[in-house]
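Residues per chain, in single letters:
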Amino acid sequence: MKKKIRVLVPTFILEILEKDCEFFGLTKEKLCNEIFLKFSLKFRSRYQDEMMFEEKEYLQFTLNKANQRYYTDLLKELSEANDSEIIREIFSTYSVLVPFLREIYLFREKVIFLHSAMKEYRVLKIDTPNGIVEGRVSRIYRCKETKYLKLDINESSYYVGQIRVIS
């Protein structure tokens, strides 16, 4: 049985999640599970305390099977905090980061792989929104307009969060 999470969070967090779901092409469930997994160790920031002026709405998502076990262990480990506080802190920590840092944390393995491929001048096959591209990564950088990560291959630019490395 899947574990449903429902917690009252500042509207700001929901706006960031909606924007990132659309930008990365992920479902809310997938993004929330990734955030839960990758930000749960970094969450003792107390950013939620600074958002007392924000209106609040409910964030609701279902934990995937792998995260359910992790969630149970996390609750045992942090017995001094309640479930809602833990989830609010995790998502607050994610939401206050600028877009390219959120992206680096979410897609860490992909970013590291692309960076090493760039240094080694490896030819990659990448699935992009425009189709499959083959070439060398010449540059990885922060887009000045959107603040998300981009990479250049064959004189074309693609957002890192919107591509899939095939080989």
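Numbering of residues begins from 1 in every chain and follows the order in which that chain's sequence is written. Given that this is a predicted model, residues contribute local features only at a pLDDT of at least 70 and side-chain atom pairs are listed and counted only at 80 or more, while totals for whole chains, interfaces and linings are drawn from all residues. The side-chain numbers reported here are obtained from all heavy atoms of the structure, hydrogens and water having been left aside.

K.L.:
I tried to follow the overall build of the chain on my own but got confused; where do I start?
P.N.:
Think of it this way: any DSSP run of H or I at least four residues long counts as a helix, any run of E at least two long counts as a strand, and we number them from the N terminus. Summing up its helical and strand segments, the chain has seven helices and seven strands in all. Reading the chain from its N end, one meets helices and strands in the order β-α-α-α-β-α-α-α-α-β-β-β-β-β. With respect to the three principal axes, the spread of C-alpha positions in the chain is 50 × 35 × 25 Å. A simple rule labels every residue: compare its accessible area, found with a 1.4 Å probe on the protein chains alone, to the largest value its type can have, and call it buried under 20%, exposed over 50%, or partly exposed in between. A buried classification covers 44% of the 167 residues belonging to the chain.

K.L.:
What am I meant to see in helix α1 (residues 11–24) here?
P.N.:
Each full turn of the α-helix corresponds to 3.6 residues, which orients residues three or four apart in the same direction. Expected helix span is given by 1.5 Å per residue-to-residue step, counting one fewer step than there are residues. The end-to-end C-alpha distance of α1, which contains 14 residues, comes to 20 Å, matching closely the 20 Å that a straight helix rising 1.5 Å per residue would cover. For α1, the set of buried residues is Thr11, Ile13, Leu14, Ile16, Leu17, Asp20, Cys21, Phe23 and Phe24. For α1, the secondary structure elements touched by its buried residues are β1 (3–10), α2 (28–39), β2 (56–63), α5 (83–95), α6 (99–106) and β6 (156–159). In the segment just after α1, Gly25 is the residue with positive phi, at about 70°. Throughout, a contact is declared for two residues whenever any of their heavy atoms are within 4.5 Å.

K.L.:
Could you clarify how one ought to interpret the sheet that holds β6 in this entry?
P.N.:
The strands making up a sheet associate through hydrogen bonds between their backbones, and the pairing can be parallel or antiparallel. Being paired, for any two strands, means DSSP has found at least two bridges between them. Here five strands make up an open sheet; going across it, the order is β6-β5-β4-β3-β7 and the pairing antiparallel. Looking at the sheet topology across the chains shown, the edges are occupied by β6 and β7 (164–165). With axes taken as lines fitted to C-alpha atoms, and helix axes fitted only over the stretch in contact, angles between N-to-C directions fall between 0 and 180 degrees. Its contacts with the sheet put helix α7 (residues 108–119) on β3 (123–128), β4 (131–142), β5 (149–153) and β7, and the angle it makes with β4 is roughly 90°.

K.L.:
Which parts of the structure should I look at to understand the pattern of salt bridges?
P.N.:
Between side chains of opposite charge, a pair can form as their charged atoms come close. One speaks of a salt bridge when a side-chain nitrogen belonging to Lys or Arg is within 4 Å of a carboxyl oxygen belonging to Asp or Glu. Following the criterion strictly, the structure yields seven salt bridges and no others. When the shortest N-O distance is used, the salt bridge between Lys38 and Glu34 registers 3.1 Å. Here Lys38 pairs with Glu34, and both are found in helix α2, just four residues apart, close to one helical turn. Several salt bridges converge on common partners, so that one network encompasses Lys30, Glu34, Lys38 and Glu109.

K.L.:
In this structure, what is going on with a negative patch on the surface? I would like to understand it.
P.N.:
Here, patches come from residues exposed beyond 30% relative accessible area and free of salt bridges, joined within 9 Å for like charges and within 5 Å for nonpolar side chains (Val, Leu, Ile, Met, Phe, Trp, Tyr). Under the convention used here, a 1.4 Å probe and the Shrake-Rupley method define accessible areas, while residue burial counts only the protein chains that appear. Here the positive residues are Lys and Arg and the negative ones are Asp and Glu; neither His nor the chain ends is included. Every charge is mapped to an atom, namely NZ of Lys, CZ of Arg, CG of Asp or CD of Glu. A contiguous patch of negative charge on the surface is contributed by Glu15, Glu18, Glu22, Glu55 and Glu57. Take the negative patch: its biggest share by element is three residues, from α1. With respect to the element layout, Glu15 can be found in helix α1.

K.L.:
Sorry, what's going on with the side chain of Asn33 here?
P.N.:
Along the chain, Asn33 turns up in helix α2. Residue Asn33 is classed as buried on the basis of its relative accessible area of 5%. Among the polar contacts made by the side chain of Asn33, one reaches the side chain of Asn67 at a distance of 2.9 Å. Polar contacts here mean pairs of N or O atoms no more than 3.5 Å apart (in protein, one a potential hydrogen donor and the other a potential acceptor; neighbouring residues in sequence count only if both atoms are side-chain atoms).

K.L.:
Even after reading the chapter, I still don't get helix α4 (residues 65–77), so can you show me in this structure?
P.N.:
Look at α4: 19 Å from first C-alpha to last across 13 residues, which is about the 18 Å you get at 1.5 Å a residue. Inspection of α4 places Asn67, Gln68, Tyr71 and Leu74 among the buried residues, and these make up the whole buried set. The buried residues of α4 occupy an angular sector of 125° when the element is viewed end-on, so they sit on one face. What points out from α4, more than 90 degrees from its buried face, is the exposed set Lys65, Arg69, Lys76 and Glu77. On its buried face, α4 sits against β1, α2, β2 and α5. What the arc describes is the spread of directions from the helix axis to the C-beta atoms.

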